[in-house]
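Structural overview for review
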Amino acid sequence: MKNQIGKGSSPKEKTLGLFDLSILGIGAIIGTGILVLTGIVASTDAGPGIVFSFLIAALASGLIGLCYSELTTSLPNSGSAFFYAWVSIGKFVAFLAGWTLIGVYVTTTATVANGWTGYVQSFLEVLGINLPHQFLVNPAADGYINLPAVLMIILMTIILTRGTSESKLVNNFLVGVKIFIIVLFIVVSIWDVKATNWHPFLPYGVKGIFTGASAVFFSFLGFDALATSAEDAKDVGHTIPRAIVLCLTVSTTLYILVSLVMTGVVRYTKLNVSEAMSYVLLSEGHNYVAEIVSLGAVLGIMAVVFAFIYAGSNILKSMSRSRFLPKGFAKLNAHTQSPNRAIWLIGLASAVFAGEFDLHYLALIANIGSLMVFMLISLIVIILRYKYPELERPFKVPFGNVIPTCSILVCLVLLVSISLKAWLTYLLWIVIGLIVYFAYSLRHADEFNFTEDK
């Protein structure tokens, strides 16, 4: 049977250019990592040495980004790792890759929304408004539900159902706001840096750097969102590789600057708060700037939620279109051409996780899934080169198989540093996926015939 997926399978209009893709990637990368996790990871894992953690995570992301660029330009499809694994290895590994990615996007969205609540609370407290504690935190923190996070995810889900051409304007605006407040924080706070706060620079040792890198790797997941946007991208062979390189460069530079300023102004032991930027500004008496930053973070973090719900729904759509999951989730809205059923499923699942689970724990689970997928992506580059040497590759990773191999090794090093509790949760998600696969996917999904699909 001829598969309904592959190059040119979607007739919908291409709406995303280099600027839109770069903003989408920057919007997904610059968010909870810089606004929330920087302080928490510095306090609990790496100290001021979090700078090195970000550099290691950025190196890993750069290697993986090159591998993504080769696959995305050779096989432009919204299915990302799911589709690439289907082409190169088979439907069982493809399902596991897609299932893992769905889990990654749900937990990532939930993590981002958790951090967003901290800035909402900080912004309102300055205005003299105190929301009930029970509706700001999850049950593990003696609350009922993180209600602001739940409501924000639902709002962004509604915006996404209006289609990419309309909703990208909202996203571009939100990303612009986020970059503005980050630059504002750096410019205002750099004058308050005290070099003594950087001593000791590595309080948790070299192990802390790698533990921190495993945690902040979460901050660089945005370039996978670019890979899932391949079917919406103009001139995919040129725009996506350039967008990946551009968004990684901009994001890494901002992460390093914020880390140095944040740990230089306030002792790292005091940074275990979700609204770290506002906390640092308030500690030095910059109340009005802190209010601006909180408001900007409230708006800017929404762009991250937007990007990850969009990416997760594209994975779900691609798997459903290929009959790995019920085909109804692949149905496009006649007016907006958006997969509204898939968008709502990802959005609602994310809202449940955001309302009931802890931020740091969710981030670690997302990191395991991401690193497993990225390791697979690097392996697929090597497999496809041997299996389909004649495949047209508008962009090819240089130096043979050296970079994909290095990418695999870096992912393994980061995976070893993640806690056993997070691993057990990820394995539980895989077990649920195996039940779905053997109960439904095995009987409905076809084997991929690359020759026919071309």
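In the block above lies the structure referred to throughout.
Description of the structure in this document. (Residues numbered from 1 in each chain as written. Predicted model: local features only at pLDDT ≥ 70, side-chain atom pairs only at ≥ 80, totals over all residues. Heavy atoms only, no water.)

1. Observations concerning the overall build of the protein
Regarding its fold elements, the protein presents 17 helices and zero strands. When burial is assessed residue by residue, the protein has 62% of its 454 residues classed as buried. Taking contacts inside the protein between residues at least 6 apart in sequence as the whole, the part at least 24 apart equals 84%. (Helix = DSSP H or I, 4+ residues; strand = E, 2+ residues; numbered from the N terminus. Buried < 20%, exposed > 50% of the residue type's maximum accessible area, 1.4 Å probe, protein only. Contact = heavy atoms within 4.5 Å.)

2. What to know about the pattern of salt bridges
Applying the stated rule across the entire model yields three salt bridges. In this structure, Arg385 engages Glu70 in a salt bridge whose closest nitrogen and oxygen atoms are separated by 2.7 Å. Taken together, the residues Arg385 in helix 14 (residues 359-387) and Glu70 in helix 3 (residues 50-74) connect sequence positions 315 residues apart. (Salt bridge = Lys/Arg side-chain N within 4 Å of Asp/Glu carboxyl O.)

3. Some details on the nonpolar core
Most often, soluble globular proteins keep nonpolar side chains buried together rather than apart. Formed by 141 residues in total, the largest nonpolar core has its most connected members in Ile34, Leu35, Ile182, Phe185 and Met277. The element contributing the most residues to this core is helix 12 (residues 287-321), with 19 residues. In this structure Met277 touches Ile34, Leu35, Tyr119, Ile182, Phe185, Val258, Met262 and Val293, once residues within four positions along its chain are discounted. (Core = buried A, V, L, I, M, F, W, Y, C linked by side-chain atoms within 4.5 Å.)

4. As for the packing of helix 5 (residues 91-126) against helix 6 (residues 147-160)
For the pair helix 5 and helix 6, the least separation of the axes is 8 Å and the interaxial angle reads 125 degrees. Comparing their axes, helix 6 and helix 5 come out oblique. As for how helix 5 packs across helix 6, the hand of that crossing is right-handed. Here helix 5 contributes Thr109, Ala113, Asn114, Trp116 and Thr117 to the contact with helix 6, which in turn contributes Pro148, Ala149, Met152 and Ile153. (Axes fitted to C-alpha atoms, helices over the stretch in contact; angles between N-to-C directions. Parallel < 35°, antiparallel > 145°, perpendicular 65-115°, else oblique. Left-handed = near helix turned anticlockwise from the far one by under 90°.)

5. Here's the deal with the environment of Asn340
Inspection of the secondary structure assignment puts Asn340 in helix 13 (residues 340-356). Taking the C-alpha atoms as reference points, Asn340 and Arg162, separated by 178 residues in sequence, lie 8.6 Å from one another.

6. Description of the packing of aromatic side chains
This model, assessed by the stated rule, comprises 16 aromatic pairs. A centroid spacing of 5.2 Å and a plane angle of 50 degrees characterise the contact between Phe95 and Tyr437, whose relative ring orientation is tilted. A residue pair is termed long-range when its members are at least 10 positions apart, and Phe95 in helix 5 and Tyr437 in helix 16 (residues 420-444) qualify at 342 residues. Across the pair, exposure class does not vary: Phe95 and Tyr437 are buried alike. These aromatic residues form a ring-pair network of at least three members: Phe92, Phe95, Trp99, Trp429, Tyr437 and Phe438. (Phe/Tyr/Trp six-rings, centres within 6.5 Å; stacked < 30°, edge-to-face > 60°.)

Everything listed here is a matter of coordinates, which is why it stays silent on function.
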